[in-house]
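Residues per chain are reported as follows:
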Amino acid sequence: MGTASLLFSLLLNITSSIGVIIANKRFVFIEAHFEFSTVLTIIHFVTTFLGCVFFAYGVKLFTPKKLSIRRVLPISCAFCGYVVFNNLSLLTNSVSVYQVLKILCTPLIVFVEWFHYGKREKLSTLLSLLPVCIGVGVTFYADTDVNWMGVVWAFLAIIANSLYTIWGKTKQVELGAQPMQLLIYETPLSAVMLLLVVIPLDGGEKLAAYEVTFKTVWTVLLSCIFAFGVNFSFFLFVGKTSPLTMNVVGYLKTSLVFVLDFIFVSADMPQKKLIGISITLLGLAGYSYSKIEPPLPRSHTTWRSSSRSSPYQQRRAVEVNVISV
């Protein structure tokens, strides 16, 4: 059951992530001309919250758990920070620049997990991350015109994204919550916070002038369905694995998007991207192999020890009950 559930969460995350990218790029932004990414993210959160409510009270898939809003708030702030800083970065730099800088999420996650949670990675795991990061860098690096203010925004987005990924794991452990039990709190908090910045980010005049059509409704709804899968599978998968593995899976999804785009959309793939994807996949294979080996013991330094143990020391993984109807 554990392996099947893990595989389910992985496949759901990959298919949902690719699906939401295609739905947004092909239908929402192009067909419906709905180019308000912050508003779309808010709608995603609202529909995810409503989906959790339906699964909790409609089909009784899980039982809601009372959680402290104060303890859920950090993960909502991290995600909203990622959305805001990412959008600010993309206003001045291209997607390629951001994707290359986003590679820094990997060493940052490793550092935070070691520094704050005392989690050590094996040398083989760390070495396998090198070709993964190099491959992504080769795939995306194409821009020489870089705006340094945009780089600052990108770094802040990377920090927020790394914290969100880490807390996606640790908050489940700290609160003893299942993915949907956490989502039912996190999503409305994030939606409310993003409402505060939606006008400066998406443009109040453009929002007021946009005319909602049937095409807008069905394309956004399609995007929301995939987004629910992304949000749910993120917490499900990271809870069963680790923030670092979740980060590495992100590189796999990026490579798959390029491959699918090559197969179904464009028959031409630059040699640089082909080399980059190949290096990335090679690194992913090495990372997967390194995870088969027994993990290193936790580091126990004096300054980290306290009466309150870290989430990683309390439990090695979160048990998530997947109920089949």
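Note that the structure is predicted; figures quoted are calculated from it, not measured. (Residues numbered from 1 in each chain as written. Predicted model: local features only at pLDDT ≥ 70, side-chain atom pairs only at ≥ 80, totals over all residues. Heavy atoms only, no water.)

Considering the overall build of the protein
Inference 1: Helix and strand content of the protein: 14 helices and 0 strands.
Inference 2: Listing every helix and strand of the protein by position from the N terminus yields α-α-α-α-α-α-α-α-α-α-α-α-α-α.
Inference 3: Taking all 325 residues of the protein together, 46% fall into the buried category.
Inference 4: Pairs at least 24 apart in sequence give 88% of the contacts found in the protein among residues at least 6 apart. (Helix = DSSP H or I, 4+ residues; strand = E, 2+ residues; numbered from the N terminus. Buried < 20%, exposed > 50% of the residue type's maximum accessible area, 1.4 Å probe, protein only. Contact = heavy atoms within 4.5 Å.)

A few points about the packing of helix α2 (residues 37-58) against helix α11 (residues 214-240)
Two packed helices can be described by the angle between their axes and the distance between those axes.
Inference 1: Between α2 and α11, the shortest axis-to-axis distance is 9 Å and the interhelical angle comes to 65°. When the axis of α2 is compared with that of α11, the two are roughly perpendicular. For the pair α2 and α11, the sense of crossing is right-handed. Where α2 approaches α11, its residues L40, I43, H44, T47, T48, G51, C52 and F55 are matched on the opposing element by V220, S223, C224, A227, F228 and N231.
Inference 2: When grouped by side-chain class, the residues that make up the contact of α2 with α11 number 8 nonpolar, 6 polar and no charged. (Axes fitted to C-alpha atoms, helices over the stretch in contact; angles between N-to-C directions. Parallel < 35°, antiparallel > 145°, perpendicular 65-115°, else oblique. Left-handed = near helix turned anticlockwise from the far one by under 90°. Nonpolar A, V, L, I, M, F, W, Y, C, P; charged D, E, K, R; others polar.)

Regarding the UniProt feature "transmembrane region" (unreviewed entry) in the protein
Inference 1: The positions that UniProt labels "transmembrane region" (unreviewed entry) are, in the present scheme, residues 41-59, 71-91, 97-116, 123-142, 148-170, 182-201, 216-238 and 250-267.
Inference 2: The annotated region residues 97-116 carries 85% helix and 0% strand content, and the separation between its end C-alpha atoms amounts to 29 Å.
Inference 3: Structurally, residues 148-170 comprises 100% helix and 0% strand, and the distance from its first C-alpha atom to its last is 33 Å. (UniProt positions renumbered as here; feature names shortened; annotations may be inferred.)

Side note on the state of the cysteines
Inference 1: Overall, the coordinates contain 0 disulfides when judged by the stated rule.
Inference 2: Free of any disulfide, C80 has its nearest neighbouring cysteine sulfur in C77, separated by 6.8 Å.
Inference 3: This cysteine, C133, is not joined by any disulfide, and C105 carries the nearest cysteine sulfur, 9.7 Å off. (Disulfide = S-S within 2.5 Å.)

Describing a nonpolar patch on the surface
Inference 1: On the surface, L123, L127, L130 and I134 cluster together to form a nonpolar patch covering roughly 410 Å² of accessible area.
Inference 2: Checked against the element boundaries, I134 lands in helix α6 (residues 123-140). (Patch = residues over 30% accessible without salt bridge, like charges linked within 9 Å, V, L, I, M, F, W, Y side chains within 5 Å. Areas by Shrake-Rupley, 256 points an atom, 1.4 Å probe, with all protein chains shown as cover. Salt bridge = Lys/Arg side-chain N within 4 Å of Asp/Glu carboxyl O.)

Considering the pattern of salt bridges
Inference 1: The full count for this structure, using the stated rule, is 5 salt bridges.
Inference 2: K119 is the partner of E113 in a salt bridge, and the nearest nitrogen-oxygen pair spans 4.0 Å. With respect to burial, E113 and K119 carry one shared label: buried.
Inference 3: Put simply, E121 and K119 hold a salt bridge, and the shortest N to O gap is 3.8 Å. Summarising the burial analysis for this pair, E121 and K119 share the class buried.
Inference 4: A single network of salt bridges, built from pairs that share partners, joins R26, E31 and K215.

Brief notes about the confidence of the model for the protein
Inference 1: A residue-level look at the protein finds 85% of positions with pLDDT of 70 or above and a mean pLDDT of 83.
Inference 2: Across residues 299-325, where pLDDT falls below 50, the model places 45 contacts with residues more than four positions away in sequence or in other chains. (pLDDT = per-residue confidence, 0-100.)

Regarding the side chain of S16
Inference 1: Note that S16 resides in helix α1 (residues 2-31).
Inference 2: A residue is classified by how much of its surface remains accessible, and S16, at 5% relative accessible area, is buried.
Inference 3: Side-chain polar atoms of S16 contact the backbone oxygen of L12, separated by 2.7 Å. (Polar contact = N/O pair within 3.5 Å; in protein donor to acceptor, adjacent residues only side chain to side chain.)

Thoughts on the packing of aromatic side chains
Inference 1: A complete count under the given rule lists 17 aromatic pairs for this structure.
Inference 2: Pairing F27 with W218 gives two aromatic rings, centres 5.6 Å apart and planes at 55°, and the pair type is tilted. Within this pair, whereas F27 is found in helix α1, its partner W218 is found in helix α11, the two being separated by 191 residues in sequence.
Inference 3: The partly exposed category is assigned to F27, whose relative accessible area is 26%. (Phe/Tyr/Trp six-rings, centres within 6.5 Å; stacked < 30°, edge-to-face > 60°.)

Looking at the nonpolar core
Inference 1: In terms of nonpolar packing, the biggest core is built from 54 residues, with F34, C52, Y82, Y164, L194 and F235 touching the most fellow members.
Inference 2: Take this core: its biggest share by element is 9 residues, from α11.
Inference 3: In this structure L194 touches T38, T41, I42, F45, C80, V83 and V84, once residues within four positions along its chain are discounted.
Inference 4: Core analysis: the second largest hydrophobic core is formed by 18 residues, I103, I166, Y251 and L284 among them. (Core = buried A, V, L, I, M, F, W, Y, C linked by side-chain atoms within 4.5 Å.)

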